[in-house]
Amino acid sequence: MRSGGAVGARVLLLHAVLAVALAGQAPDEAWRTLDTEHFRVSFPAALEETARRAADRAERAHAGLSGLLGWAPTSPIELVVTDHVDVSNGFASVTPWKRITVYARPPVDDETLQYFDDWLELVLSHELAHVFHLDRSGWLGRLARGVVGRYPGTWPFFPGIAQPQWVVEGLPTLYESTLTDAGRLHGSEHEMVVRTAALEGALETLDRASGRSPNWPAGDRPYLYGSRFFDFVVERYGADAIPAFVDATARQWVPYRLDAAGKGAFGVSVSEAWRAWREATVAEARATERSLSAEAPFSAGTAVGKSARVSMSARVSPDGRRLAYARSDGRSDTQIRMVDLATGADRSLTRTNGLATLAWTPDGHVVFAQLEYTDPYRIRSDLWEVDAQGRVRRITRDARLSHPTVAPDGRTVIAVEDGSGGNRLVRVDRWSGSVTPLSPAGADELWTEPRFSPDGRWIAVARWLPGARLDIVVLTPDGRVATEVTADRARDDAPAWSPDGRWLVWASDRTGIPTIVAAPFDPGSGQVGPPRRVAHTALGFRDPEVGARGADLFASAYHADGWRIERLAFEPDRAPPAALVARAGDGRAAAATWEERADAPAGPYRAWRTALPRWWEPSFTRAVSFGDTEVLGPALGLSTGGADVVGRHAWSATARVHLDEPRLEAGASYRFAGLGVPVLGLDLSWTHDAGRLTGVRADSTIATLFTVERDRRADVSVELERRRWRSVGALTLRAGWIEQDRTLLDEGLEPEQEFRLRVPEARFVELGATGVWSTARAFAFSTGPEAGWSALLRVRRRSAVGLADSLSARAGLDGSFDDVVARVRGYQAIPALPGWGHHALALQVVAGVADGPGADDLHFDVGDATGAAESVSGLELFGGRPRLFPVRGYPAGARFGARAWSAALDYRFPVAEVRRGLGAWPLYLERVGGSLFVDAGNAWGPDEAPFANDRRATLAAVGAELVSDWVPFWTDVLRVRSGVGFPLVDGDGARVWLRVGTAF
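Numbers given for residues are sequential positions, taken from 1 along each chain in its written order. Note on the predicted model: pLDDT of at least 70 is required for a residue's local features to be given, and 80 or more for side-chain atom pairs to be given and counted; whole-chain, interface and lining totals, by contrast, use all residues. Hydrogen atoms and water are omitted, and side-chain values are computed over all heavy atoms in the structure.

Participant: Outline the overall build of the protein, listing residues and values.
Facilitator: Helix and strand definitions follow DSSP, with helices as H or I runs of at least four residues and strands as E runs of at least two, each counted in order from the N terminus. The secondary structure content of the protein amounts to 13 helices and 50 strands. The C-alpha atoms of the protein give 32 Å as radius of gyration, which agrees with the globular expectation for 1000 residues (30 Å, within 12%). Dimensions of the protein, computed from C-alpha atoms along their principal axes, come out at roughly 115 × 60 × 50 Å. Out of the 1000 residues in the protein, the part that is buried amounts to 56%. In this analysis, two residues are considered to be in contact whenever any of their non-hydrogen atoms come within 4.5 Å of each other. Of the contacts made within the protein by residues no fewer than 6 positions apart, 59% connect residues no fewer than 24 positions apart. Only the C-alpha atoms count toward the radius of gyration. The rule for a globule is 2.2 Å times the residue count to the power 0.38. Only protein chains enter the area calculation, which uses a 1.4 Å probe; residues under 20% of their type maximum are buried, those over 50% are exposed, and those in between are partly exposed.

Participant: Which residues make up the environment of Arg-502, and what values go with them?
Facilitator: Mapping Arg-502 onto the fold places it in the loop between β23 (492-497) and β24 (503-508). When the C-alpha atoms of Arg-502 and Phe-132 are compared, they prove to be 52 Å apart, with 370 residues separating the residues in sequence.

Participant: Describe in detail unusual backbone geometry, supporting the description with residues and values.
Facilitator: In this structure, Pro-76 follows Ser-75 across a cis peptide bond, with omega equal to 0 degrees. With respect to the helices and strands, the residue Pro-76 is situated in the loop between α2 (48-69) and β3 (77-82). For the peptide bond that leads from Ala-945 to Pro-946, omega is 5 degrees, which places it in the cis range. Position of Pro-946 relative to the elements: it lies in the loop between β47 (921-940) and β48 (955-968). Positive phi, normally seen in glycine, also occurs at His-403, with a value near 55 degrees. Residue His-403 is classed as buried on the basis of its relative accessible area, which comes to 9%. Not every positive phi belongs to a glycine, and Asp-864 is a case in point at roughly 75 degrees.

Participant: Got a sec to walk through helix α5 (residues 165-178)? Specific residues and values, please.
Facilitator: Here the expected length of a helix is defined as 1.5 Å per residue gap, with one fewer gap than residues. A rise of 1.5 Å per residue sets the reference length of α5, with its 14 residues, at 20 Å; its end C-alpha atoms lie 20 Å apart and thus fit the reference within 8%. The buried fraction of α5 is high, at 12 of 14 residues. By the burial criterion, the buried members of α5 are Trp-166, Val-167, Val-168, Glu-169, Gly-170, Leu-171, Pro-172, Thr-173, Leu-174, Tyr-175, Glu-176 and Ser-177.

Participant: Pulling in residues and values, what's your account of the sheet that holds β24?
Facilitator: Strand pairing in a sheet relies on backbone hydrogen bonds, with the paired strands running either antiparallel or parallel. Judged by pairing direction, the sheet is antiparallel, and its 4 strands sit side by side in the order β23-β24-β25-β26 without closing on themselves. In this open sheet, the two strands that pair with only one neighbour each are β23 and β26 (532-533). Where β24 meets strand β25 (residues 515-520), 6 bridges bridge the pair, whose relative direction is antiparallel. If you follow Ala-507 over to β25, its bridge partner there is Ile-516. Should DSSP find at least two bridges between two strands, the strands are regarded as paired.

Participant: Which residues make up the pattern of salt bridges, and what values go with them?
Facilitator: Within this document, salt bridges are pairs made up of a side-chain nitrogen of Lys or Arg and a carboxyl oxygen of Asp or Glu, the two lying within 4 Å of each other. Here the structure, examined in full by the defined rule, presents 88 salt bridges. A salt bridge links Arg-53 to Glu-595, with the shortest nitrogen-to-oxygen separation between them at 3.5 Å. Of this pair, Arg-53 sits in helix α2 while Glu-595 sits in the loop between α12 (588-592) and β30 (602-604), and the two are 542 residues apart along the sequence. Using a relative accessible area of 44% as the deciding quantity, one classes Glu-595 as partly exposed.

Participant: Which residues make up the sheet that holds strand β8 (residues 322-328), and what values go with them?
Facilitator: Read across the open sheet, the 4 strands follow the order β7-β8-β9-β10; overall the sheet is antiparallel. Of all the strands in the sheet, just β7 (310-316) and β10 (346-351) have a single pairing partner and so form its edges. Looking at each pair of strands side by side, their axes are set apart by 25 degrees on average, direction ignored. An axis is simply a line fitted to the C-alpha atoms; with a helix, the fit covers only the stretch in contact. Between two such axes, the angle follows the N-to-C directions and lies from 0 to 180 degrees.

Participant: Residue-level account of the nonpolar core, with values.
Facilitator: Think of a nonpolar core as a cluster: buried Ala, Val, Leu, Ile, Met, Phe, Trp, Tyr and Cys residues, connected wherever their side-chain atoms sit within 4.5 Å. Residues Leu-79, Trp-166 and Phe-229 are the most contacted members of the largest nonpolar core, which totals 100 residues. Discounting chain neighbours no more than four positions away, the residues touching Phe-229 are Trp-166, Phe-266, Val-270, Ala-273, Trp-274 and Trp-277.

In C-alpha cells:
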C-alpha cells in the first residue's frame, strides 16, 4: 500500500546503508575494547597485540595531524581492527560515527603500498587524515549537525564528502607521507605512473581526474593524482595552503566551488594550479627521460600475450615452451592465461578470484593462490592447482596462503601464510595440503614472493624489516638465512633465477626507476655479487622471469594503459651496475618505535555505545487523493537509525503524523547478526492507506465511497546466506502477523450511514520464503551484467484468522491467498565486437500466480520500465521504481490480474567513451551505451466473480534505451537510462521514460 510502502522503503534503505557501513568484520567474533585518549579500539580477542600497536600508532598520528592542520575532531574515534579478509586495506567514515577500520594484513606484497616504515603507522595516518578532513565543517554545517546530528549527508553537514575523489583520497595520501619517512609520495610506484602518463600523452586533465573512469589507473587514480597535485601545492604555495584549502571548502555557503576555495587558499584557482602542475610534471618527466636515455639506450621489449590493464606473474614452464601469467582486463573474470612461446597462441587456462600468484610444477601443472569466501564475513587465500586442460584441484582450505613456489621434487611448496597482523613462510605438501612453519610467525619480520632455485638448494625471498627495509635474502630449504643480498631502503622484491642458477634476478627501484636487476650467484656457496641493471627504461618494469635458454627476460612492463608482459634480451654480463639512489629518511626512527604499544586495559565489547542514534531526518508522505478529494492528508515525521561498529546490531525507526487528522504512522526494524549466520530480524509497521468504492443507494443514485485502512504488521525473519567469490545464495524465512481495520466514508469524508463493510476488520498470519541464487557478474567495462545467471523464488501464504465461517473462502470477504513468484535472468557477453566494452545479450523471464479468495484482479500488474529513485538530490525527483513485471512501452497496470508473466530480451552495446567533465564543476560524463529490446507480458484472472478478469491480448513492444554513466556532484556513478518503446499490441503510441539503474 502507498503509505505502508513508503515506510517499508525507508526501513529497507536504512538497512542498505547500514549493511554497507558495517562491511569488513565478522560480528560473531569474541570482540574486546580498549580506550585511549582519543580512540575506542575494538578488536577480536586474538588480535589484542596488533590492536595495542594500532592504538599507539593512532594516537601518534592524531598528535601529528593536529599539529599540521591546527584542529582535531571531537573524541572518541572508533577504531576497528579486524583480520577477517586476506587483503590489505583500511577505510574511514564520519557518519554516523567517526570510524576507522583496519584489515590486519600488512601490504608487504602490494607494489603501491609496500614502501612503509611501519605499515600500521602508514594506514592509520592515512585513514585518520580522512576523519580530520571529512569531519571539518563551517558554522552552517555545525548548526545543521547540532539540529539533526551526524546525518549521513554531504553539504552542509559534511562538506568534505562533497568533493572530487582526488581531494578525498589525495589529502590523506599526502599526509601519510608527510607524517612518515615513507608512504606513497616517497615511493617510486606513483611517481612511475604519473611520469609514464606524462611521457605517453595521457596525463589527466582536472575534469578527467575528477571522474570515475575504469580506464587505467582506475581506482588508484584519486590517490596518485590527488597526492601529487597537493605535493606540488605545498612546494609552490607552502604547507599552510592545504589546511587553508580544507577550511575554505568546509566554510563555503555555496558548495562545490573548488576554484574559489583554491583562490582563497593558494592565491590561484584549482584549475590554474592543476594546469601549472601538469606543465611542471611533463617538463620533469621529459628531463628524466633525456637524462636516462643519455646513459644508455632503453631496453626494447616485444609484447607477449594479450594486452590488458594488468598482466603480472609471468612464469616459464619447465620445458621452456609455455608462459603462464595472471591477467585482469576489466572486461571479464581475472584469469591465468598460457602462451605458446613458439607460436604466440594465447589461451585462458582458468579463471581466478582476483589476480593470482602462481608457480609451475615439474609435471607441467600450475599452482596458484586465490581468495575465496569461507562465510559471508571472511575471505581467505588458499592454494589451488590447474593442469594443462584447465582442470582445477584445491590443495588447501582456510589456510591463508599466497605466493607459492614449487620445489624440483614436485611435492614441496613454499608459501606465505598470513595471520594476526603478520605472516610467515611455510612448507606445504602439494598432495595432502598439510602446512608446516618454516619461519616464526609475527609482524616484526614479513615475507613475500619466495622462489626456489632451479636445483632446489636455495630459496630467494623478499623480507621486510622495520624501517622500510624490503630486501632480497637467500634461505636454505630449512628456512635459515644464508645470504642477505640487499640491505637498504630501496624496494627489492619478486626474485627469480636464471635456468642455470647462476644469476639471481629481481625487481628493484634502487636506481630511482622500478626496473629489473640481476646479481651473479654461486650455487655452491650461496654468495651473491653486486647487482646490475639488466633492463633500462624511463617507465617501469617488475615481476622478472628468465627464459629456459637463459637468453630472454620476461617482465611486466608499465605503460600509460597498464601493465603488459614483454620479452627482452637477458644479457647480465654486459649490464652496468645498479646504482643506489638515496631515499628520504633512513627509517631508524620508525624501527626504534616499532615495539611501542598502548597499555590501556582491555574490557568486553559494549555494543550499545555505538548503537545509540546519532542523527535524525524529516520524513514526508504525500497525500492520497481521488480526483479533487483528498482522502488521506500528507504526513510529516522523523526517521533515525543506528548500528554498532562490529555489525552485531542494526536498527531503524520512522514515525509520522498525518496533518489532516492525528493518524500515526510508524515503522521499526531490527537485525541481529551476532550469530554470523543466520541473521535474525524483526520488523514492525503501522500504516494507513485509502481507496475508492462505488455503491447504489436506495434512491438508485450512484454513491462514491472512500475507505481509510489502517494496517498494523509484525514480522520475524531468519536470513541465511552462502557467499562465494562468483556466486551468492540466500534464503529468507519470514512469519508475520497483520491486522487491518477499514473505515467507510461518504463523499464528504464523514462516516457512511447507509452502506457498511462486510469485513471492517481482518487478521492474518503470513508465512513466506524467498530464495535467491546468482552467478551474475558485471565488470569494469560492462554495460550491465554480462556473465552468469540468477534466479529468485518467492512463496507466500496469507491466512485469515478469526473469520466467521459464513465469510470464509468468499472472494472479496476473505483476504487469504497463496502466491508464488519466480524470476530467471541470464547474461552472455559477445566479446569479438568493437567498442569500449563487450556487446551482450540479457534475458529476463518472470512469472507469478496467486490463488485463494484474497487473490483479486489487482494482485499483480504488468507494464512500465523498472528503475530506482535517484538519490543525488535526496528528493527522489526522477528514476522510477522497481517493477516486478516490467513491459517497456506501456504504462504501469496496462495488464493486471492474479496470474502474470513478463519477458525481456536486450541486446546491449557500447556507444561512446566520453570521459569529459566541466573542469572544476561537479558534473562528469564517463561513457554511453545503448540497448535494443523486445518486451512482452500479460496478466489475467481470477476467473470467478466478483473479480473475474478475462485474459486479453499479450502485450508486446520493441524499443531502445540510451544508457549513460554520470558522476554528479562528485558522488557515486549515476547510471541513467532514457528510453523509447513502441507498443505492438493495444498501444496508444510510443512512450518515453527516464530511469535510474540497469534494466535488469
